[in-house]
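An overview of the molecular structure
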Amino acid sequence: MYDVIIIGGGPAGLSAAVYAARACLNALLLEKHPMGGGQILNTAEVDNYLGLPGADGFELGQRFTEHAAKLGIKPVAEEVIRISCGGAVKKVITAKQEYEAKAIIYAAGAGHKKLGIPGEEAFAGKGVSYCATCDGAFFRGKTTAVIGGGDVALEDALFLANVCEKVYLVHRRDTFRGARTLVERVKATENIELTLDTAPEEIAGEDRVQKLLCVHKKTGEKKNLAVDGVFIAVGMAPYTRLIDGQVKLDENGYVAAGEDCKTSVDGVFAAGDVRTKKVRQIVTAVSDGAVAVAGIQG
Ligand code: NAP
């Protein structure tokens, strides 16, 4: 039996692994993607992690994984399919086997929210993408639209502006949720056209995306943007499927746990983006990993 099973190999889970190793806990880290590292693997530039200005997200993710591995906790690439965490012995079941532990640190993270408009699903991988840094290169010299007004949408628009001939940034309001510095950079970029107060209604085309149909929210005017690709960046939704019904979730669907990372169930901790919190950043995820391990030690 393990002292702790950590579920998720992003910054929160890997930080928990480092702290667990240093506390001499017998720990297992399960991460479904062989690459590990979590969302930052798809982040072109991380400019706000202390001491590493302009860090490459992919490299940073790899360094986090290597750090945990160097201390003896190498992520095991198995997808968790079920958890039973009510009793003193927690069970974690993957497609390969069943593991037992005294505690669980649930650091499964969050995934891309969908818009839910016609064409989004049909054109996924055929012009619709949720990751500019992964797929942007396919749109070299083409026209794309980014949907959203948060940090990710702004960063994606800037990234794509270097690759594409033209980028529409389509946002449903006229003010942005994302950082002011990013907004200023977007505004100063000639080939980004701000398309504000505008909601996307449909993604259309034949074999691949050809247009994005939108409506102006104030005037009701319909717009038809000729685009080769649509990058959707409208936020994240937490991966709670495995523990939904076993621990309390908040009204937005995140695992209800305070700054001590303790959930409503003894011995189950939530760390990183999956947890209720105001600031979802690498630095807060990394902090959660440390705090959760401290909670296990009592
Ligand atoms: P976010 O901050 O939640 O922004 C989501 C954006 O999508 C908002 O502008 C929202 O509009 C819009 N939106 C949501 N649902 C929509 C819909 N159905 N139709 C049209 N637009 C919709 O999400 P995010 O940009 O993915 O960022 C997630 C978290 O990661 C944030 O906390 C962010 O600060 C953090 N992050 C930080 C960095 C960094 O610091 N370098 C980089 C990336 C991400 P409204 O504004 O109108 O609600």
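Residues numbered from 1 in each chain as written. Predicted model: local features only at pLDDT ≥ 70, side-chain atom pairs only at ≥ 80, totals over all residues. Heavy atoms only, no water.

Further remarks concern the nonpolar core. Membership of the largest hydrophobic core comes to 31 residues, with the highest contact counts inside it found for Val4, Leu60, Ile105 and Ile282. The set of elements that each furnish at least two residues to this core consists of strand E1 (2-7), helix H1 (11-22), strand E2 (27-30), helix H2 (57-70), strand E7 (98-106) and helix H6 (282-297). When residues of this core are assigned to their parent elements, the largest contribution, seven residues, is made by H1. Judged by nonpolar contacts, the second largest core, of 21 residues, contains Leu28, Val80, Cys85 and Val265. (Core = buried A, V, L, I, M, F, W, Y, C linked by side-chain atoms within 4.5 Å. Buried < 20%, exposed > 50% of the residue type's maximum accessible area, 1.4 Å probe, protein only. Helix = DSSP H or I, 4+ residues; strand = E, 2+ residues; numbered from the N terminus.)

So, about the site of the ligand. Around the ligand, 17 residues are found, and the nearest of them are Asn48, Gly149, Asp151, Arg173 and Arg177. Contact between the ligand and Asn48: an oxygen atom at 2.6 Å from a side-chain N or O atom of the residue. Within the side chain of Arg172, one N or O atom sits 3.0 Å away from an oxygen atom of the ligand. For the ligand, whose accessible area on its own is 920 Å², the fraction buried by protein is 75%. Across the shell around the ligand, the residue classes break down as four nonpolar, seven polar and six charged. (Near = heavy atom within 4 Å. Polar contact = N/O pair within 3.5 Å; in protein donor to acceptor, adjacent residues only side chain to side chain. Areas by Shrake-Rupley, 256 points an atom, 1.4 Å probe, with all protein chains shown as cover. Nonpolar A, V, L, I, M, F, W, Y, C, P; charged D, E, K, R; others polar.)

The next thing to look at is the side chain of Glu120. Counting through the fold element by element, Glu120 comes out in the loop between strand E8 (110-112) and strand E9 (128-129). For Glu120, which is buried and forms no salt bridge, the nearest opposite charge comes from Lys114, at a distance of 6.1 Å. Within the structure, Glu120 has its side chain in polar contact with the side chain of Tyr130 (distance 2.6 Å). In this structure, Glu120 is in contact with Lys114, Leu115, Val128, Tyr130, Ile203 and Ile232, ignoring residues within four places of it in sequence. (Lys, Arg positive; Asp, Glu negative; His and termini not counted. Salt bridge = Lys/Arg side-chain N within 4 Å of Asp/Glu carboxyl O. Contact = heavy atoms within 4.5 Å.)

Time to look at the sheet that holds strand E15 (residues 222-226). Reading across from one edge, E13-E14-E15 is the order of the three strands in this open sheet, with antiparallel pairing throughout. At either margin of the open sheet sits one strand with a lone partner, and together these are strand E13 (198-205) and E15. Adjacent strand axes in the sheet meet at a mean angle of 25°, parallel and antiparallel pairs treated alike. (Pairing = 2+ DSSP bridges. Axes fitted to C-alpha atoms, helices over the stretch in contact; angles between N-to-C directions.)

In short, shape yes, function no, at least from these values alone.
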